[in-house]
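# Inside the fold
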Amino acid sequence: MIFATPWALAALAGLPLLWWLLRVTPPNPRTETFPALRLLLGLRAAEETPAHTPWWLLALRMIAATLAILALAGPVLDANNDLPGDGPLLLAIDNGWASAPGWQKRLQAANNALDRAARTGREAALLATAPDEAGALPTPTPPMPVADLRTRLAALRPMPWPANRAAAAEALNGWQRPNASTLYIADGLADPGFETFARALTAVGPVTEICCDSAPVRVLLPPASEPEGLVARLVQMPLPVATTAGVLAQTGDGRTVARADIVIPAGASTGQASIALPSELRNTLTRLVLEGPPSAGSVVLLDERWRRRPVGLLAADQTSADAPFAGDLYYLHRALAPYGEVRTDDLQTLLSRDLAVLILADVSLPDGAERDALTKWVEKGGLLIRFAGPRLAGAESDGLHPVPLLGGDRQLGGALSWNAPAGLAPFQPTSPFAGLTVPDEVKINRQMLAEPGASLPEHTWAALTDGTPLVTQAAMGAGRVVLFHATANADWSNLPLSGLFVDMLRRLTSLSVGVAGRADSTLLAPVETLDGYGTLSPPPRAATALAADAFAVTPVSPAHPPGLYGPESGRQALNLGATGIELTQAPTIPGARLQSLTDAPAEKPLGPPLLAAAIVLLLADWVVAMGLRGLLRSRATAVAMVLILAMSAPAWAADNPALTTRLGYIASGDEQVDDIAKSGLAALSDFVNRRTAATLAAPDAIEPGRTDLSVYPLLYWPIVAGAPALTAPQATALNDYMGRGGIILIDTRGSGSGTGFAPGTEETFRRIAQSLTIPVLAPLSTEHVLSRSFYLLHDFPGRFTGDPVWAQRDQDRANDSVSPVIIGGNDWAAAWAADAAGRNPYAVIPGGQRQRIMAYRFGVNLVVYALTGNYKGDQVHVPAILQRLGQ
Amino acid sequence: MTGAASRRAEALAARLPPLLVAAERVAATVAQGVHGRRRVGQGDSFWQFRRFVAGDTVNRVDWRQSAKSGLPAPSGWFVRETEWEAAQTVCLWRDTSASMRWRRDGATEKAERASLLTLALAALLLRGGERIAALGSDARPISGRFGLERFAAALDASDGDAGLPPDMPVPRRATVVLIGDFLAPLVDVQRAVGRLAATPARGYLLQVLDPAEAALPYAGRIRFRGLEQDGEALIPHVESVRAEYAAALTAHRAGLSAICGAAGFGFGAHYTDRSPESALLSLYTALGVA
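Cut-offs applied
- Sequence positions are assigned chain by chain, starting from 1 and proceeding in written order.
- For this description, chains carry letters from A and ligands carry numbers from 1, given in the order in which they are written.
- Whole-chain, interface and lining totals are the exception, using all residues; otherwise, since this is a predicted model, local features are given only for residues with pLDDT of at least 70 and side-chain atom pairs are given and counted only at 80 or more.
- Helix and strand definitions here come from DSSP, where helices need a minimum of 4 consecutive H or I residues and strands a minimum of 2 consecutive E residues; each element is numbered from the N-terminal end.
- Partly exposed residues are those whose C-beta has more than 12 but fewer than 20 other C-beta atoms within 10 Å; with 20 or more the residue is buried, with 12 or fewer it is exposed, and the C-beta atoms are placed from the backbone.
- What counts as a contact is two residues whose backbone-derived C-beta atoms lie within 7 Å of each other.
- Regarding the arc, it is the one traced by the directions from the helix axis to the C-beta atoms.
- Ten residues, namely Ala, Val, Leu, Ile, Met, Phe, Trp, Tyr, Cys and Pro, are considered nonpolar, four, namely Asp, Glu, Lys and Arg, are considered charged, and the remaining ones, Gly among them, are considered polar.
- Between any two strands, at least two bridges found by DSSP are needed for them to pair.

Take the overall build of chain A next. What chain A contains, in helices and strands, is 22 helices and 38 strands. Looking at chain A as a whole, 40% of its 887 residues qualify as buried.

In structure tokens form, the structure reads like this:
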């Protein structure tokens, strides 16, 4: 322990004087009235004994004074943590992208070192190892007083690019000061210049190295496209234990539409997880974000490559291609148009623009420039889908078939044939169509046959029940050719008439590589770039334009910071992890004294607690002095003093749920679901407080069977898949609650437009509900009181909408026709939820502000229903309501 | 009458009925134990029958008793005699100065106890047929069993802030009862008592004190302040002067006793934590014997 201002201890010498003063100065007399004063008047001269301060009060005051003096002397508890040397201190800090998580801790460590340097009167210099925004290479500052350096340190930011230690080492070459020492705060990431940098640091003076943050350094890589969604991938330094990282898929306005957990096994450096999203939602994504401390490496910006998939359609006979019900492209057009951009043109025009997928419906390609251009396009990554037909069957093989074909076609179930039209076999798990259900009514009447061969099954994605292939594929260069062995219209099969056709085409389309605008040497100027914390901001001065075809090979640097480049129509993203980054743990500097960033012995100034103790003692002295003077005799004074002293104590009474009305949610045990429920109910309470006369306090988490349910008018119960069945006390508590007028809103969180968002909750609920006494249910309609208890509602959306919401059948007169349970799957809490800034973190689906407002209105109706029962069902109001409904 | 005085009078008037009730109650308790003069004389109470002797007027013969005796007249005649009840004027005074309106720790105020004793004594005296007057008021002496309220009004009118009885004439040979704390200097007390004794009048002086005034139950450093502009006293250590204070109080009381003895007055002391009945009994007995 040391003292920051040791001269203050000299005041201790004054304590004996204080002792003497306190001894001879008696406390203030207290005043009393007394009738027999005359008798006392004579006594004054006779008795002159001075009143002494009691010894314990004297001791109390002396201790308080001692504590105050010690506190002013500024004792600091950081023994054995001194920096070597007494010359200037060189503070070297890695401020590359990997330093952004825990940047505050790094600054704290640096400031601690500066505190120590300042106490010993040393100067300090600062070296940040990453190039700055202007692109200037790292240079150390000259040694300067600590106070000046603090402002520079405070202005230091983590950069979105890696540290350049080689340049830092070079800059250190001429930096030699006598008796200097070095403090190096490392980000733990190896880089080629580390060896020379370590040597340069050691040359300056004894090195103390602070490394590393306990949080693993992670980089999110650009995701891979999959038919069902995106595959988020990340790279991290190998850790001896398995770790989990959450990835959020966010849209342009910052809403999170999906989340996935990436599990990285012990010792592995990569991990991935797929984020299943409908393509409509996927196309609104702009970034993937790693949960946890933000950094440039935790954000992947998504550009057109992950979204835009223009499809080109080409038929042999352009004129009749779109003829209703018969044309070659008629069904294709209808299947594809709702999900993306579809173009119909001649081959040359189609290929002259960006194209992700090209579909040829019964087109044979004779030798020539067109076929060469098409082959080249496929080899560059295009996806070519061909449909068979009379023309293809009659033409020579053009080389753009996935499998060799037998000439002609095969007819099944014709007038002169023994066999019946064939159905489709279930899809193999390796097929991209895996998981789609095959309807029985799909029958294939004619098909083109592939030449049997050993490799045929590998190329088959879909086959008929007799094993002959219906869809075959083959890779070609970077692209792929897929062949449907039937026509794209209903001539050869009724496949184009079924929904399966649409699903198959969508899966195929999403297989294709996205189109990233021009892939040429056009220079794209930076528009918005990420800063060190992964926030988009205007590009720094040094940022320059980047050629469109160089995005995949350009590492991030001050000249090319990660971010968005190019015009709005063809924006490209440069990401930190795009060039195949590898993370390896940097070695420690040889001979350096090591400290950990997380458990570095922090300086503990003892002054404040000592001062606080002195103040407490002086308060006690005050109370005692008041008591000695007799001012504490009245009970009211004593109570007032206790109140003053206890003012900071939290008012526990305010939390009693019986005193204020509040909503409750049944804790599911899933932290995320509970958070959503809590935040949703809080936002709803807020909304109700603003719009109605009801006053609701912050919601509570409820554990049935343990919490007293009787004080909650309404419980929200989000069902989590795989939740355990209710125990007997829980079931009894909930049944009691419902039986005595309570209302439970049960939410399976995945119905209607949100089907598939919460798989398994409905089964779980079915299982749980066995132990609940749920009355006969009917779908909620506009007839129900719930639809007019406050607002007039026609549907009851939450985050999702579309499926009916169920409540007790209205004829049931028990409990005043108030339904004890409302069951639905619209994930209402997610729609209500709002973050601290009042934004709604969960997008409503299909979307729109109106759906959000309707969700809130449903919540208000529900709360008012819970609070007023069937009041609005009163027949008195029927005429007025009918009039307002316009009936 | 000034506003303040009027308000005080109203407050006192409002307090008097309960005080009167309490006084009547105290007086009734004491009345059980006292008797008349035990002598034949003018009065209302029956005393005895005696044989008719020559010279008794005929209208004093109690004919009913005579008839019951069954003896021939006039030897069988009986005369009814009543007990002698000599009406006496008693002047009552009680101290209402500021020092009397004081109490400590929930005890009764000295002034309240003094008023209670005065009124209870008045009630007793009225029952005994005496005439009573409030010392310091101009009203004529009051007699009769129902004069208590009038007396109470007269007593209120005689209120003053002086700690000693006023210098006003009293009927000759009247009895004077003084109730107060008599903490004034002994010289002043002697002057007042001497003046009354010279009238001449007999009397009784009752000192009413708060128990705290006897025990001085304070501790530490205390600044005592008087109630009647008599200054302050800073006692640095009250515990150490307690014994000397007790001595001073005893000396003061001895002085009072001596003054009363010289003037032919009775003297008694009463603490407000004791029962008022005992004080009243001793007071009344002292008056009756005198």
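This part takes up the overall build of chain B. When helices and strands are counted, chain B shows eight helices and nine strands. Within chain B, the proportion of its 290 residues that are buried is 36%. In chain B, 73% of the contacts between residues at least 6 apart in sequence involve partners at least 24 apart.

For the rest of this paragraph, the subject is the environment of E81 of chain B. Looking at the element boundaries, E81 of chain B is found in strand β2 (residues 78-82). Note: C-alpha distance between E81 of chain B and F46 of chain B (35 residues apart in sequence) is 6.4 Å.

Moving on to helix α6 (residues 165-172) of chain A. All names here are of chain A. R165, A168, A169 and L172 are the residues of α6 that are buried. Buried residues of α6 fall within an arc of 100° about the axis and therefore sit on the same side. Along its buried surface, α6 packs onto β5 (124-128) and α7 (194-204).

A cis amide bond links I845 of chain A to the next residue, P846 of chain A, at an omega of 5°. By the element assignment, P846 of chain A lies in the loop between α20 (828-832) and α21 (849-868). Between T199 of chain B and P200 of chain B the backbone carries a cis peptide bond, its omega angle lying at 5°. Residue placement: P200 of chain B occurs in the loop between α5 (186-197) and β6 (202-209). Positive phi, normally seen in glycine, also occurs at F325 of chain A, with a value near 65°.

What follows concerns the interface of chain A and chain B. Tallying the contact residues gives 24 residues for chain A and 28 residues for chain B. Elements represented by at least two residues in the side of chain A that touches chain B include exactly β2 (30-33) and α2 (37-41) of chain A. Broken down by element, the residue count for the side of chain A that touches chain B peaks at five residues, all from α2 of chain A. Its residues placed into classes, the side of chain A that touches chain B shows 15 nonpolar, four polar and five charged. In the sheet, β2 of chain A pairs with strand β7 (residues 222-225) of chain B via four bridges, with the strands oriented parallel. For E32 of chain A, the partnering residue across the bridge sits in β7 of chain B and is F224 of chain B.

Bringing the environment of P158 of chain A into the picture now. Residue and element names in this part refer to chain A. Position of P158 among the secondary structure elements: in the loop between α5 (146-155) and α6. P158 sits 58 residues away from A100 along the chain, and the two C-alpha atoms are 5.4 Å apart. Other than its neighbours up to four places away in sequence, P158 contacts N95, W97, S99, A100, W103 and G532.

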